[in-house]
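Fold and geometry: a report
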Amino acid sequence: AVREGGILGLYTGFGPTVARNMPMVCFTFTAFSRLKAAYQSRTGKEASGMSSFALGGFAACVACIATQPVDVVKTRLMTQALSNLTPYKGVGDCVARMMREEGAKAFFKGLIPRMIYVA
């Protein structure tokens, strides 16, 4: 990365990473809070350790679905140096080419492994 892009090459994908992580954390904590409140409302008791664990995993999966398109773009930008394909010029070019060449489904590639990883 340093040979090709200098010291700034180490920060390739930084913007998209932040753009993915901020909503991911917000979605996860919001979903967890709402799920815990719904659980308490239905059962009349606080979620136990195991219930909290399951609710947290489900909340993380919800957040994954919501942020997967950004994660795919981020990953492509960060790994494009390893590819023989024409490099992306930036986020906009990556999104446009993905839509044009692969369709909307491309934005959800790798969703299941990511959900398993974060949950």
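Definitions and limits used
- Positions within a chain are numbered from 1, following the residues in the order the chain's sequence is written.
- Selection of residues for local features in this predicted model requires a pLDDT of at least 70, selection of side-chain atom pairs for listing and counting requires 80 or more, and totals for whole chains, interfaces and linings are taken over all residues.
- Note: side-chain values were computed over all heavy atoms of the structure, leaving out hydrogens and water.
- Secondary structure elements follow DSSP: runs of H or I no shorter than four residues count as helices, runs of E no shorter than two count as strands, and numbering proceeds from the N terminus.
- The span one expects for a helix is its residue count, reduced by one, times 1.5 Å.
- Accessibility here uses a 1.4 Å probe with only protein chains present; expressed as a share of the type maximum, an area under 20% marks a residue as buried, one over 50% as exposed, and anything in between as partly exposed.
- Confidence scores labelled pLDDT are given residue by residue by the predictor and lie between 0 and 100.
- Every axis corresponds to a line fitted to the C-alpha atoms, with the helix fit spanning only the stretch in contact, and the corresponding angles, defined between N-to-C directions, vary from 0 to 180 degrees.
- Orientation categories follow fixed angle ranges, with anything under 35 degrees roughly parallel, anything over 145 roughly antiparallel, 65 to 115 roughly perpendicular, and all other angles oblique.
- What makes a crossing left-handed is the near helix being turned counterclockwise from the far one by less than a right angle; a clockwise turn instead makes it right-handed.
- We call two residues in contact when some of their heavy atoms are within 4.5 Å.
- Under the convention adopted here, Pro, Cys and the residues Ala, Val, Leu, Ile, Met, Phe, Trp and Tyr are nonpolar, Asp, Glu, Lys and Arg are charged, and Gly plus all remaining residues are polar.

A look at helix α2 (residues 14–43)
Along its 30 residues, α2 runs 43 Å from first to last C-alpha, staying within 8% of the 44 Å computed at 1.5 Å per residue. Residues of α2 that are buried: P16, T17, R20, M24, T28 and A31. One or two positions beyond α2, positive phi appears at G44, with a value near 80°.

Regarding the confidence of the model for the protein chain
Of the residues in the protein chain, 99% have a pLDDT of 70 or more, and the chain-wide mean is 90. Summarising per-element confidence for the protein chain, the mean pLDDT is lowest in helix α1 (residues 2–5) (73) and highest in helix α4 (residues 91–102) (95).

As for the packing of helix α3 (residues 49–79) against helix α5 (residues 111–118)
Between α3 and α5, the least distance of the axes is 10 Å, while the angle of their chain directions is 135°. Between α3 and α5, the crossing angle belongs to the class labelled oblique. Judged by the sense of rotation from one axis to the other, the crossing of α3 with α5 is right-handed. Here A60, C61, C64, I65, T67, Q68 and D71 of α3 come into contact with α5, specifically with L111, R114, M115 and V118. For the contact of α3 with α5, the per-class residue count stands at 7 nonpolar, 2 polar and 2 charged.

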